[in-house]
Amino acid sequence: MSLVHSPIVDDFYRSLLRDLEEKSELSIAGATSSSAKTFLLAGLLENAQMPLLWVSDDDDALLRAAADLRSFGVRQLYALTGEDEKDPIGKRRKLLTALSRIVSKQQVSLLVTKEFLEDTKLPLAHEMERSALTFTVGEAFSLTQAFNRLIDMGYESSESAIVQPGTYFKRGGIIDLFPVNADVPVRIELWGDEIETIQSFDPGSQRILTDQPTVTLYPLALSEARGKIQDYATHCIVVGDEVGAEEARKLGGHGTIHIVPVPGETTEQAQARNSSP
């Protein structure tokens, strides 16, 4: 499903964003269903062009929100639930992919629970940015140094054409890289020890998409985890539903939105209503 666009709807979202910029915190009442909440936020996300950090009470609420957001056309969405604990490596890969997109200010949505906020240690945001690797057309390129850095960053060598983020593949003077913070891979062509071109390409058809002067890759592995999600919230619009509002408020962020289905309802009343058949 695609979102409805009209001058009135677009003005509404622009007004919300202005209010959020001025007040840094908004409460929105009247969204009484999960779909109503996510429809509102999908439109806001589309207009804001900023990362979204959504705090839910539990896995069920989080998964409902994720499904609704996807149905309204939201892409680059990462939902972390208890199921991810069964695959710690996969969980960390998913998490670092989402965080790399947040610090590079992409339009990405990260959905987490209150329990995640309390229990999960993360790399500090400035360490994530400092660990990024950038290649630029015209610069000298050392294969040995580049591959050592990629390995340290958690990237894996592929034996054939790359289709998965966090991998790289070399053939002759061509290196294909798939940054975890990108939707498509890039191809670096060398002329001797210098980067001649950097081009994004479709991993399925191998068709060249665009030429670009640089490419930046964010890490999939960092040795230290001394931070919390609060470190990344400053890059995001933070959203808390009626049972995650207090945790969202603590995060601060670029702006905080609390969704309150019933005006004046307390958190305890919202929890009771949500748990009723």
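Numbering of residues starts from 1 in every chain and runs along the sequence as written. Given that this is a predicted model, residues contribute local features only at a pLDDT of at least 70 and side-chain atom pairs are listed and counted only at 80 or more, while totals for whole chains, interfaces and linings are drawn from all residues. Only hydrogens and water are set aside; all other atoms, that is, all heavy atoms of the structure, feed into the side-chain values.

Q: Explain the overall build of the protein here, please?
A: We count a stretch as a helix when DSSP gives it H or I for four or more residues in a row; a strand needs E for two or more, and each element gets its number in order from the N terminus. Of regular secondary structure, the protein possesses 10 helices and 14 strands. Buried means the residue's accessible area, taken with a 1.4 Å probe over protein chains only, is under 20% of the maximum for its type, while exposed means over 50%, and partly exposed covers the values in between. The buried share of the protein, taken over its 277 residues, is 46%. Contacts are assigned to residue pairs with any non-hydrogen atoms lying within 4.5 Å of each other. Considering only contacts in the protein between residues 6 or more positions apart, those separated by 24 or more positions represent 63%. In the structure as shown, the protein presents an accessible area of about 13,500 Å², 51% of it carried by carbon and sulfur atoms. Throughout, the Shrake-Rupley method with a 1.4 Å probe supplies accessible areas, and for residues the shown protein chains are the sole cover considered.

Q: Explain the nonpolar core here, please?
A: Generally speaking, soluble globular proteins have nonpolar side chains that are buried together. Among the nonpolar cores identified, the biggest contains 46 residues, and Leu 99, Leu 110, Phe 135 and Leu 177 are the most heavily contacted of them. It is helix H4 (residues 88–103) that contributes the most residues to this core, 6 residues altogether. When residues no more than four places from it in sequence are discounted, the contact partners of Phe 135 are Phe 141, Ala 146, Leu 177, Ile 188, Ile 195, Ile 198, Pro 213, Thr 214, Val 215 and Leu 217. We call a set of buried residues a nonpolar core when its members are Ala, Val, Leu, Ile, Met, Phe, Trp, Tyr or Cys and they connect through side-chain atoms within 4.5 Å of each other. Within the second largest apolar cluster, 22 residues are counted, among which are Ala 42, Leu 52, Val 74 and Ile 237.

Q: In this structure, what is going on with the sheet that holds strand E10 (residues 194–201)? I would like to understand it.
A: Pairing between the strands of a sheet comes from backbone hydrogen bonds, and it takes one of two forms, parallel or antiparallel. In spatial order, the strands read E6-E7-E8-E9-E10-E11; together these 6 strands make up an open sheet with mixed pairing. Whereas interior strands pair on both sides, the edge strands pair on one side only; in this sheet they are strand E6 (156–157) and strand E11 (208–211). On the sheet, helix H7 (residues 143–152) packs against strand E7 (167–171), strand E8 (174–178) and strand E9 (186–191) and is oriented at approximately 160° with respect to E7. A strand pair is defined by DSSP finding two or more bridges across the two strands. Angular values range over 0 to 180 degrees, each being the angle between N-to-C directions of two axes fitted as lines to C-alpha atoms, with helices fitted over their stretch in contact.

Q: How should H7 be read in this particular structure?
A: Because each turn of an α-helix spans 3.6 residues, side chains separated by three or four positions end up pointing in the same direction. Ala 146, Phe 147 and Leu 150 are the residues of H7 that are buried. Across the axial projection of H7, the buried residues extend over an arc of 95°, all falling on one side. Along H7, exposed side chains directed more than 90 degrees from the buried face belong to Thr 144, Gln 145 and Asp 152. By definition, the arc is the one covered by directions from the helix axis to the C-beta atoms.

Q: Can you help me understand helix H3 (residues 59–71) in this one?
A: Multiplying one less than the number of residues by 1.5 Å gives the expected span of a helix. Compared with an ideal rise of 1.5 Å per residue, which puts 13 residues at 18 Å, H3 spans 18 Å between its outermost C-alpha atoms and is within 8% of the ideal. Within the sequence span of H3, burial applies to Ala 61, Leu 62, Ala 65, Ala 66, Asp 68 and Leu 69. Projected down its long axis, H3 carries its buried residues within an arc of 165°, all on one side. N-cap assignment for H3: the residue whose side-chain oxygen lies 3.3 Å from the backbone N of Asp 60 is Asp 58. Definition of a polar contact: a pair of N or O atoms within 3.5 Å, with one able to donate and the other able to accept a hydrogen when the atoms are protein atoms, and with sequence-neighbouring residues admitted only if both atoms are side-chain atoms.

Q: Is there a simple way to think about the environment of Leu 220 in this case?
A: Its place among the elements puts Leu 220 in the loop between strand E12 (214–217) and helix H8 (230–233). Measuring from C-alpha to C-alpha, the distance between Leu 220 and Asp 152 comes to 8.9 Å, with 68 residues separating the pair along the chain. Leu 220 has contacts with Arg 93, Leu 96, Thr 97, Met 153, Gly 154, Tyr 155, Gly 166 and Val 180, leaving out every residue within four places of it along the chain.

Q: Just checking my understanding: could you explain the environment of Leu 96 for this structure?
A: Within the element layout of this structure, Leu 96 appears in helix H4. Here Leu 96 falls in the buried class, since its relative accessible area comes to 1%. Put simply, Leu 96 and Met 128 are 32 residues apart on the chain and 9.0 Å apart in space, counted from C-alpha to C-alpha. Excluding residues that lie within four positions of it along the chain, Leu 96 makes contacts with Pro 123, Met 128, Pro 219, Leu 220 and Ala 221.

Q: Can you walk me through the pairing of strand E2 (residues 52–56) in this structure?
A: Successive side chains on a regular strand alternate, one facing one side of the sheet and the next facing the other. Among the 5 residues in E2, 5 count as buried, and that is most of the element. On E2, burial covers both faces: Leu 52, Trp 54 and Ser 56 on one face and Leu 53 and Val 55 on the other are all buried. Pairing geometry for E2 and strand E4 (residues 109–113), over 5 bridges, is parallel. Directly across from Trp 54, in E4, lies its bridge partner Leu 111. Of the pairings in the sheet, the one linking E2 to strand E13 (residues 237–240) comprises 4 bridges and is parallel in character. Opposite Trp 54, over in E13, you have Val 239 as the bridge partner.

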